[in-house]
Number of protein chains: 2
Amino acid sequence: MSDKPIYMDNAATTRLDPEVFAAMEPFFNKHFGNAASKYYQEGRTAHQAMESARGQLAGLLGADDEKEITITSCATESNNWVINSLLLNGTKKHVITSAIEHHAILEPIEFLEKHHGIKATILPVDERGMVSPQLLKDSITDETALVSIMHANNEIGTVLPIRELADIAHEKGVLFHTDACQTVGKIPVKVNELGADFLSLSAHKFHGPKGTGALYIRKGTRLEPFIRGGGQERGRRAGTSNIPSIVGMGKAAELAGKRIESEAPRERELVEKLWQGLNAKMPKIRRNGDPEKRIPNLLNICVAGVEGEAVLGYLDMYGIMVSSGSACTSGSLDPSHVLLAIGLPAEVAHGSIRFSMSHETEASDVERIIEIMPDVVERLRQMSPTWNG
Amino acid sequence: MSDKPIYMDNAATTRLDPEVFAAMEPFFNKHFGNAASKYYQEGRTAHQAMESARGQLAGLLGADDEKEITITSCATESNNWVINSLLLNGTKKHVITSAIEHHAILEPIEFLEKHHGIKATILPVDERGMVSPQLLKDSITDETALVSIMHANNEIGTVLPIRELADIAHEKGVLFHTDACQTVGKIPVKVNELGADFLSLSAHKFHGPKGTGALYIRKGTRLEPFIRGGGQERGRRAGTSNIPSIVGMGKAAELAGKRIESEAPRERELVEKLWQGLNAKMPKIRRNGDPEKRIPNLLNICVAGVEGEAVLGYLDMYGIMVSSGSACTSGSLDPSHVLLAIGLPAEVAHGSIRFSMSHETEASDVERIIEIMPDVVERLRQMSPTWNG
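Along each chain, numbering runs from 1 in the same order as the chain's sequence is written. Here every chain gets a letter starting at A, and every ligand a number starting at 1, in the order they are written. Given that the model is predicted, a residue must reach a pLDDT of at least 70 before its local features are reported, and side-chain atom pairs must reach 80 or more before they are shown or counted; all residues, however, enter totals for whole chains, interfaces and linings. For side-chain calculations, the full set of non-hydrogen atoms in the structure is used, while hydrogens and water are omitted.

Chemist: Help me out: how do you make sense of the nonpolar core in this one?
Modeler: Generally speaking, soluble globular proteins have nonpolar side chains that are buried together. Among the nonpolar cores identified, the biggest contains 139 residues, and A:Leu199 and B:Leu199 are the most heavily contacted of them. In this analysis, two residues are considered to be in contact whenever any of their non-hydrogen atoms come within 4.5 Å of each other. Beyond its immediate stretch of four places on either side in the chain, B:Leu199 contacts B:Leu61, B:His177, B:Thr178, B:Ala180, B:Val184, B:Val189, B:Val191, B:Leu194, B:Ala214, B:Leu215 and B:Tyr216. Here, the term nonpolar core denotes a set of buried Ala, Val, Leu, Ile, Met, Phe, Trp, Tyr and Cys residues that are joined through side-chain atoms within 4.5 Å. Categorising residues by exposure relies on relative accessible area from a 1.4 Å probe, with only protein chains included: less than 20% of the type maximum marks a residue as buried, more than 50% marks it as exposed, and the intermediate range marks it as partly exposed. Grouped together as the second largest cluster of nonpolar side chains are 40 residues, A:Val82, A:Leu86, B:Trp81 and B:Leu223 included.

Chemist: Would you mind going over helix H3 (residues 75-89) of chain A with me for this structure?
Modeler: Helical periodicity: at 3.6 residues per turn, an α-helix aligns residues three or four positions apart in one direction. Only DSSP runs of H or I with at least four residues qualify as helices, and only runs of E with at least two residues qualify as strands; both kinds are numbered from the N terminus onward. Any helix carries an expected span of 1.5 Å times its number of residues minus one. Spanning 15 residues, H3(A) covers 21 Å between terminal C-alpha atoms, matching the ideal 21 Å at 1.5 Å per step. For H3(A), the tally of buried residues reaches 14 of 15 residues, placing the bulk of the element in the interior.

Chemist: Got a minute to help me understand the interface of chain A and chain B in this structure?
Modeler: Interface size is commonly expressed as the accessible area that is lost once the parts come together. Opposite the 64 residues of chain A that make contact, chain B presents 64 residues. In this assembly, chain A packs against chain B so that about 5,500 Å² is buried in total across both faces, 60% of it on carbon and sulfur atoms. When the buried surface of chain A facing chain B is broken down by residue, A:Phe32, A:Tyr39 and A:Arg228 rank first, second and third, together holding 15% of it. Salt bridges are defined as contacts in which a side-chain nitrogen from Lys or Arg sits within 4 Å of a carboxyl oxygen from Asp or Glu. Seen at the junction of chain A and chain B, the total is two salt bridges. Across the pair A:Arg44 and B:Asp316 runs a salt bridge, and its minimum N-O distance is 2.8 Å. Think of a polar contact as two N or O atoms within 3.5 Å of one another; within protein, one of them needs to be a possible hydrogen donor and the other a possible acceptor, and neighboring residues in sequence only count if both atoms come from side chains. Linking chain A with chain B are 18 residue pairs in polar contact (both at pLDDT 80 or more). Of all elements in the fold, only helix H1 (18-29), helix H2 (41-61), H3, helix H4 (103-115) and helix H9 (308-317) of chain A reach the threshold of two or more residues within the side of chain A that touches chain B. Broken down by class, the residue content of the side of chain A that touches chain B amounts to 24 nonpolar, 25 polar and 15 charged. Buried surface area refers to the total accessible area, computed with a probe of radius 1.4 Å, that the two partners give up upon joining, counted for both partners together. As a working rule, the residues Ala, Val, Leu, Ile, Met, Phe, Trp, Tyr, Cys and Pro are called nonpolar, Asp, Glu, Lys and Arg charged, and the rest polar, with Gly in that last group.

Chemist: Where do I start with the relation of the copies chain A and chain B in this structure?
Modeler: Copies overlap after least-squares fitting; the atoms used are the C-alpha atoms of residues with pLDDT of at least 70 in both. Under the fitted operation, chain A is carried onto chain B by 0.0 Å of movement along the axis and a turn of 180 degrees, and the coordinates agree to an RMSD of 0.0 Å. With respect to symmetry, the two chain copies, as superposed, fit the operation of a two-fold axis. Of the C-alpha atoms belonging to chain A, the one lying closest to the rotation axis is found on A:Ser73, 3.0 Å away. Most of the interface of chain A is mirrored in chain B, where 100% of its interface residues are also at the interface.

Chemist: What should I look at first to understand the sheet that holds strand S9 (residues 285-288) of chain A in this one?
Modeler: Backbone-to-backbone hydrogen bonds pair the strands of a sheet. The strands run either parallel or antiparallel. Residue and element names in this part refer to chain A. The three strands are arranged S9-S10-S12 in an open sheet whose pairing can be described as antiparallel. Lying at the two open borders of the sheet, with one neighbouring strand each, are S9 and strand S12 (352-356). Ignoring which end each strand starts from, the neighbouring axes of this sheet average 25 degrees apart. Convention adopted: a line fitted to C-alpha atoms gives each axis, helices being fitted over their contacting stretch, and angles between N-to-C directions are expressed from 0 to 180 degrees. Here helix H8 (residues 243-281) sits on the sheet and contacts S9, strand S10 (298-303) and S12; the angle it forms with S9, its principal contact strand, is near 160 degrees. On top of the sheet, helix H12 (residues 363-383) reaches S9, S10 and S12; it is set at about 25 degrees to S10, its chief contact. In short, DSSP must find at least two bridges between two strands for them to pair.

Chemist: What's the story with the domain arrangement of chain A in this structure? I'm lost.
Modeler: All names here are of chain A. Assigned domains of chain A: these are domain 1 (6-14 + 260-383) and domain 2 (18-255). Where a domain begins and ends is set by an automatic assignment or by a domain database. A C-alpha centroid distance of 27 Å is found between domain 1 and domain 2. With 31 residues of domain 1 in contact, the opposing surface of domain 2 contributes 32 residues. Roughly 2,600 Å² of surface becomes buried between domain 1 and domain 2 when both sides are summed, with 58% attributable to carbon and sulfur atoms. Counting the surface domain 1 buries against domain 2, the share from its top three residues, Ile260, Ile295 and His337, is 22%. The tally of links between domain 1 and domain 2 comes to one salt bridge. Put simply, Arg128 and Asp290 hold a salt bridge, and the shortest N to O gap is 3.0 Å.

Structural data, given as structure tokens:
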């Protein structure tokens, strides 16, 4: 059990890239000025570094203008911002989203429904996690302020047809938001190809620092601020700019942009290898999500007759770090809302395991999991009252 | 002009303490796990580090329970949270604040007033920046949901009588919030002595990292979350926990707690020395704020016949970094709302300079400013159309 640890929970968070850390370091220790302090050089240095990072991020997203990028503290803030600002402040009070969104979309919507008279339509998904474009079309009313559909699901990895869905919203004059936390840095995410008016992302999902994210806001689209105060972010998001982390997010965006082309096929192959290897050695497992339209680095499986959490505990003893469902709800005893939404019974959903890779994942990591996990599962199944082989 | 730079804008932001950076570093490069991932050791390590940091912060504030500390992305978020959650979600729709609050209080209130039917009473202050307790008492109505008064003002340094004001609010059953950004780490800030129900703070104001703050919420006080999603922060603030920064905030709190006793009198003396030195060499300057009830590290002066910004530009050439008004509104041509509120005419307010020190400030820094600044001012006054000596 003393082998090198295997981290395969990159959908939860990623290791900070050493090059990103190196880029951040001078802004902790040397150039610590407040970017809003424009009357002395240290403040201007901080400001220039921030704008340069904004350019790197705009570049990764293919945005027309760097001003379309507003920096936030995380994608959860970005998501809450769009939901709250459009629905609390606008005259239209209907929002459409999907049943497999992250809680950072579903929870603010539920709250507004309960306390602020908002109406919400939660679109169901099929067994692969796909939203029906026709159903979206049929759900839009004159009251609809916003459609928010995630780019890729964080548990099962399905990539949704954002362009098609955004076009449907726009045909009816409705704004479109997408939570792209699981795609930025994994597959090309180009805002003009996607057509979304708003896009949320989080730096720590692509080897940048935690505590920093962004909201892309298409030029000409009005959005009331969520956090008000100082004039930072051109009046769109107040609070002293977190320069080291912003610089880190920019660098991480640059590195991700360079890696995608070679990494996406490599990780896709590793995921296939992992699935084939596990499937050959373990009976009664199933793979979740769309087999084709998916992010390259994620495999979600259900293992009949075991609790996902029990598997995680055993794998941890071998230094293998994976998850069951998303990190954000880890510890909750409820089955994943995503797995229920794709039609899995609760007892099957409980047996889910998510593997998520990065450029650091090696073939030997995959081989080791294929070697260890079937034994772990076999042992657990023998103890299980629900397993009957 | 090649002497060592003098940073005297610590009210805008502070240099990250090398010990704080050293505490953060392993959580960037080694323990990068998601603190919500409790099924493997790296996640638990992150979680433990976060809880330990929360304890350090609770210790600095003398909180009864670590659970009273909720981590946010900055004090601006903390301030917006309290204002929005209490006024948008509650049944009472009246808020009382002061005319010298930070924009992170005034702007969300103005927005709610304009768009959500909230009523606001903005208490005036006297020439020292003090709120009248009697006036607060008279302003509370049955509709008042919240009183929010800052602990110390960020431009002039006046420390307000929070205990007395909180007691008045509580006598009428009204919740009390204080923005303590400028006092935490500068003077003892003990939540039970202050009596506030909510207290905002920001790590980068006491040599911690940018992008991390907290909201103290007194046990038993209900506050709807502002940012919703995952179950982080016991359901009070969603978003992947920013472990390196949280660890840094904890360490900075610990260091600040150790320094206060010796630093407060030392900086107070340096401030006096600076004021005496400048006042002896420059005619027609005035000192703003309360001469006694003030934070120890800040001096705000108005220099007749010059624009503060012009002085800053010259001082920058000598490597001296100070500010005019607050960093957040730096660049704005409007005179400071704080200086107007203490009764200064706009033309006088334009000539304001803020010096703010830290434990890094040395007597030689003060001496150098006393040596250089009078010449700079004299030169500017000679060019000034409004100066008639």
